[in-house]
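These are the residues of each chain, in order.
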Amino acid sequence: MKRFLSVGLGVLAVAVGLPFVSGTPVFANLQKAGEALVQRVFQPQVKLVLSAEKQVITPNTEGGQERTWQTLEGDVTVRPGDVLRYTLVSENAGDKPAAELRINQPIPKQTTFVLESARANGAKLSYSIDGGQTYSEKPMIEVTQPDGTVEIEPAPAEAYTHVQWDYRESLQPMASVKAVYEVAVQ
């Protein structure tokens, strides 16, 4: 017990004597260190969880079809034509609102984005057709017509490379948002 007390008193002596050696008040340094620690503790901590489901079509009793979703876990096999639904849940586990939350999700290789499938509560949706360099609500491409003229047309689903959800409102502590989009396996 005496050993710990003498070590503690030695540290205190150094802390008290140090201001006179360095010319900087210790309490100012401690205050700055404390402020930095508080800033690190009280900050947004957004956790992202991505899950995937496969669309399953089954006949119903009226002769039509019913669409359900099967959760995909571990090693799974998908085939060309399968439709997959990705869900991205973003939760602010921190103590401070997460301002300007923007989520970018790439369209997986060997899949094609299903147009009009992206949804999100409260987010502005935009899309990239250039590998995530730029985003637009309605991506357009130049198409050369048979007569040689060039026209601007909506980008086909195959051109989409990323989906972006832009949450204008801050994500409050312990709150979450869910973003969804679908792709078709090529």
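Provided above is the structure to which this section pertains.
Residues numbered from 1 in each chain as written. Predicted model: local features only at pLDDT ≥ 70, side-chain atom pairs only at ≥ 80, totals over all residues. Heavy atoms only, no water.

*Asks:* Which parts of the structure should I look at to understand the overall build of the chain?
*Replies:* If you tally the helices and strands in the chain, you get two helices and 11 strands. Listed N to C, the secondary structure of the chain is α-α-β-β-β-β-β-β-β-β-β-β-β in terms of helices and strands. Counting every position in the chain, which comprises 186 residues, the buried fraction comes to 27%. Within the chain, contacts between residues at least 6 apart in sequence are counted, and of these 70% link residues at least 24 apart. Total accessible area computed for the chain in this model is approximately 13,000 Å², and 55% of it derives from carbon and sulfur atoms. (Helix = DSSP H or I, 4+ residues; strand = E, 2+ residues; numbered from the N terminus. Buried < 20%, exposed > 50% of the residue type's maximum accessible area, 1.4 Å probe, protein only. Contact = heavy atoms within 4.5 Å. Areas by Shrake-Rupley, 256 points an atom, 1.4 Å probe, with all protein chains shown as cover.)

*Asks:* Can you walk me through the pattern of salt bridges in this structure?
*Replies:* Pairs may arise between side chains of opposite charge once their charged atoms sit close together. Scanning the model with the defined rule gives four salt bridges in all. R85 is the partner of E53 in a salt bridge, and the nearest nitrogen-oxygen pair spans 2.8 Å. You can see E53 sitting in strand β1 (residues 46-59) and its partner R85 sitting in strand β3 (residues 83-92), a full 32 residues away along the chain. Under the relative-accessibility criterion, R85 is labelled buried at 18%. Across the salt bridge formed by D82 and K54, the nearest N and O atoms sit 3.7 Å from each other. Taken together, the residues span a long stretch of sequence, with D82 in the loop between β2 (65-72) and β3 and K54 in strand β1 at a distance of 28 residues. Residue class for D82 comes out buried when judged on its relative accessible area of 17%. Judged by its relative accessible area of 18%, K54 falls in the buried class. (Salt bridge = Lys/Arg side-chain N within 4 Å of Asp/Glu carboxyl O.)

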